[in-house]
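Residues per chain, in single letters:
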Amino acid sequence: MKKVFLFLLLFNLLHATQKDLKFYEDKVWLNLLHFDDKKSVIQGNSSFFLAKDGYKNPKNEFKKTVKGLLAYINTNDKTVLCKYPARTFFISKKINSDFLIQALSECEELEDYLKIVVLDELYLDFAAESTNYIASTMGHLYLHIKGKAKEDFNKTSLGQKVEFKKGDIRSYALSYHAIVGDIDPLGYLKALSGNLSGYYALNLYEESEFLYLKQEKRNIYKLKLNIHEEQKQLFRLHLFELKDINVHYSFVTNNCTDGISRILSVLDEKYEASKNKPFITPLVNLFANPAARIAV
């Protein structure tokens, strides 16, 4: 009976024309798709989009997502359910049904990821520039994800052997980087002209800390963000959606600040970088954005 009711809800959502059911116009939905004005900064030909024009048509992308969730209810096809858990979470909350959120436990790869990437605390970190490293100009903004393991874990997941005990502290750095080859004048020119791809990288925090503090001799400044449990859920699910996805990179208009700001805007739109200037640096955004000054 619950499945039938949910099917009718989703079917109605797919075909609804009422203004209050146009969830594809919701700011959270647009942020989940990383829209910047009229199109997404995620490359249109990437596997991130279900609809052919999903990178510029949030309505069609929404419809394709709902159809994928209907496929799970009808035929137990978990493709969309397991690949897009954050979208599933968003839609479930909009229709006031947790059935699909509970169904996410059937996604084995996602379940492993959620056990490994635990989020109790979230920090915004700023690595200041280094006089020894030209690419560090204006600094680098990234996130520090920290949490206590809820259970023992010992298996190969996402191609890597992972082992820890319940209660162990898990700590990760999430950064947005450009995909570059050799560091040469042409590479810098491409970065400045916006002719590069970027990606989100999730690494062990100790590795990033060692790189910035020890190898590059940079200072790190930290701000702790206050976020509630539902925001933590959506945030982790969205990170899972972004693995292996290419995003447009530009040193001027879509740099590490914009990349981190966009992913944080899924939590709350107040984290979006200001667009009242041609560009914004990591340092300016860190200390000029009131939303960043939450807790030190």
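My aim in this report is to walk through the structure given alongside it, one point at a time. (Residues numbered from 1 in each chain as written. Predicted model: local features only at pLDDT ≥ 70, side-chain atom pairs only at ≥ 80, totals over all residues. Heavy atoms only, no water.)

Points about the packing of aromatic side chains
Okay, step 1: Applying the stated criterion to the full structure yields 10 aromatic pairs.
Okay, step 2: Aromatic side chains Tyr113 and Phe240 sit 5.3 Å apart centroid to centroid with 50 degrees between the ring planes, which places their arrangement in the tilted category. Taken together, the residues span a long stretch of sequence, with Tyr113 in helix α7 (residues 108-116) and Phe240 in helix α10 (residues 229-241) at a distance of 127 residues. Assigned by exposure class, Tyr113 and Phe240 land together as buried.
Okay, step 3: One aromatic cluster in this structure is built from Tyr24, Trp29, Phe62 and Phe90. (Phe/Tyr/Trp six-rings, centres within 6.5 Å; stacked < 30°, edge-to-face > 60°. Helix = DSSP H or I, 4+ residues; strand = E, 2+ residues; numbered from the N terminus. Buried < 20%, exposed > 50% of the residue type's maximum accessible area, 1.4 Å probe, protein only.)

Focus: the environment of Lys67
Okay, step 1: Mapped onto the elements, Lys67 comes out in helix α3 (residues 58-75).
Okay, step 2: When the C-alpha positions of Lys67 and Leu10 are compared, they lie 8.3 Å apart, and in sequence the two are 57 residues distant.

Observations concerning the packing of α7 against α10
Okay, step 1: Relative to each other, α7 and α10 sit at 125 degrees, their axes nearing to 11 Å. Judged by the angle between their axes, α7 and α10 are oblique. Considering how the two elements wind past one another, α7 and α10 form a crossing that is right-handed. Here Glu109, Leu110, Tyr113 and Leu114 of α7 come into contact with α10, specifically with Arg236, Leu237, Leu239 and Phe240.
Okay, step 2: Its residues assigned to classes, the contact of α7 with α10 shows 6 nonpolar, no polar and 2 charged. (Axes fitted to C-alpha atoms, helices over the stretch in contact; angles between N-to-C directions. Parallel < 35°, antiparallel > 145°, perpendicular 65-115°, else oblique. Left-handed = near helix turned anticlockwise from the far one by under 90°. Contact = heavy atoms within 4.5 Å. Nonpolar A, V, L, I, M, F, W, Y, C, P; charged D, E, K, R; others polar.)

So, the state of the cysteines
Okay, step 1: Taken as a whole and assessed by the stated rule, the structure comprises 1 disulfide.
Okay, step 2: Through a disulfide, Cys82 is tied to Cys107; the S-S separation comes to 2.0 Å. Between Cys82 and Cys107 the sulfur-sulfur dihedral comes to about -80 degrees; the bridge is accordingly left-handed. In this pair, Cys82 is assigned in helix α4 (residues 79-83) and Cys107 in the loop between α6 (99-103) and α7, connecting sequence segments 25 residues apart.
Okay, step 3: Residue Cys107 is classed as buried on the basis of its relative accessible area, which comes to 3%. (Disulfide = S-S within 2.5 Å.)

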